[in-house]
Amino acid sequence: MTSRVIALDLDGTLLTPQKTLLPSSLEALKRAQEVGYQLLIVTGRHHVAIHPFYQALALDTPAICCNGTYLYDYQAKKVLEADPLPVTHALQLIDLLDEHDIHGLMYVDDAMMYERPTGHVIRTSNWALSLPEAQRPVFTQVPSLAQAAREVNAIWKFALTGEDTVKLNTFAKHVEQTLGLECEWSWHDQVDIARKGNSKGKRLAQYVESIGGSMKDVIAFGDNYNDISMLEAAGTGVAMGNADDAVKARANIVIGDNTTDSIAQFIYSHLV
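Owing to the predicted nature of the structure, the values given are computational and were not obtained by experimental measurement. (Residues numbered from 1 in each chain as written. Predicted model: local features only at pLDDT ≥ 70, side-chain atom pairs only at ≥ 80, totals over all residues. Heavy atoms only, no water.)

(A) Representation of the overall build of the protein chain within the structure. Counting its secondary structure elements, the protein chain contains 11 helices and 14 strands. At 18 Å, the protein chain has a C-alpha radius of gyration in line with the 19 Å of a compact globule built from 272 residues. Dimensions along the principal axes, computed over C-alpha positions, put the protein chain at roughly 55 × 40 × 35 Å. Classification of the 272 residues of the protein chain by burial places 54% in the buried group. Here the contacts in the protein chain between residues at least 6 apart in sequence split such that 62% fall between residues at least 24 apart. Only carbon and sulfur atoms are counted for the fraction: they give 48% of the accessible area of the protein chain, which is about 11,700 Å². Positive and negative side-chain charges in the protein chain, numbering 22 and 33 respectively, have mean positions lying 3 Å apart. (Helix = DSSP H or I, 4+ residues; strand = E, 2+ residues; numbered from the N terminus. Rg over C-alpha atoms; globule rule 2.2 N^0.38 Å. Buried < 20%, exposed > 50% of the residue type's maximum accessible area, 1.4 Å probe, protein only. Contact = heavy atoms within 4.5 Å. Areas by Shrake-Rupley, 256 points an atom, 1.4 Å probe, with all protein chains shown as cover. Lys, Arg positive; Asp, Glu negative; His and termini not counted. Charge placed at Lys NZ, Arg CZ, Asp CG, Glu CD.)

(B) Structural detail: the sheet that holds strand β14 (residues 253-254). Taken in spatial order, the 5 strands line up as β2-β1-β12-β13-β14 in an open sheet, and their pairing is parallel. Both outer strands of the open sheet, β2 (38-41) and β14, are each paired with one neighbouring strand and no more. With 4 bridges connecting them, strand β12 (residues 218-222) and strand β13 (residues 236-239) associate as parallel partners. Residue Gly222 lies in a different strand from β13, and its bridge partner there is Ala239. The strands that helix α8 (residues 200-210) touches are β1 (5-8), β2 and β12; relative to β2, the one it contacts most, it runs at about 150°. Sheet strands in contact with helix α11 (residues 262-270) are β12, β13 and β14, and its direction is about 165° off that of β12. (Pairing = 2+ DSSP bridges. Axes fitted to C-alpha atoms, helices over the stretch in contact; angles between N-to-C directions.)

Here it is, written out as structure tokens:
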């Protein structure tokens, strides 16, 4: 197995705003595989929400999901390594969500759970309905997240969304201070909350070490704050043109945005 790795964020990076893969990116990544690069999805998504992209890329590698919370073997359909949220922390967070009237989507086992549909849930559910049934992520409405948290095997993360980003940011800081959890922005209106210490960069480094590789041989593509850890850890961190300036500043290279052939152009210019 090659130790040269291309680590790929999905939303805002490899995916267009319409959640599609550019044909140019697919062709270039296929060429990179042919010359010895291993492709690795490193995403904030749940593993049940990466099916169409994993299959289109024809991967055989595990995926790093929920911002590094776990490493998932897509072929064997099992979790290889994980640091889920302790149930006690999840219950404390749910109490805070209720207290501050913030709706959370709870990522667990093989599904995503919610009490009331938020804009994020509605948007993602509509996207899911456009997919073949076998590729659709599982959304489950439950009467109580607290009760559900006591009954599942693992809680990967919570995704909080809302139009009032100032309120979200204030809440995230409060959670970090009071519960000691990891809060990262993964979209312009979404904050992800997971166990402290989890990050894309940490899980990626662990995986690369496990295959006998070095992070200096890793090229990582990302666009958001939850990508910074892997952009900095990789030998070459590549930020998308649509990324915030603060994210671009932490990368080695900035390319075009996710609507252009910029990923393909980078691969042809630098890797193959």
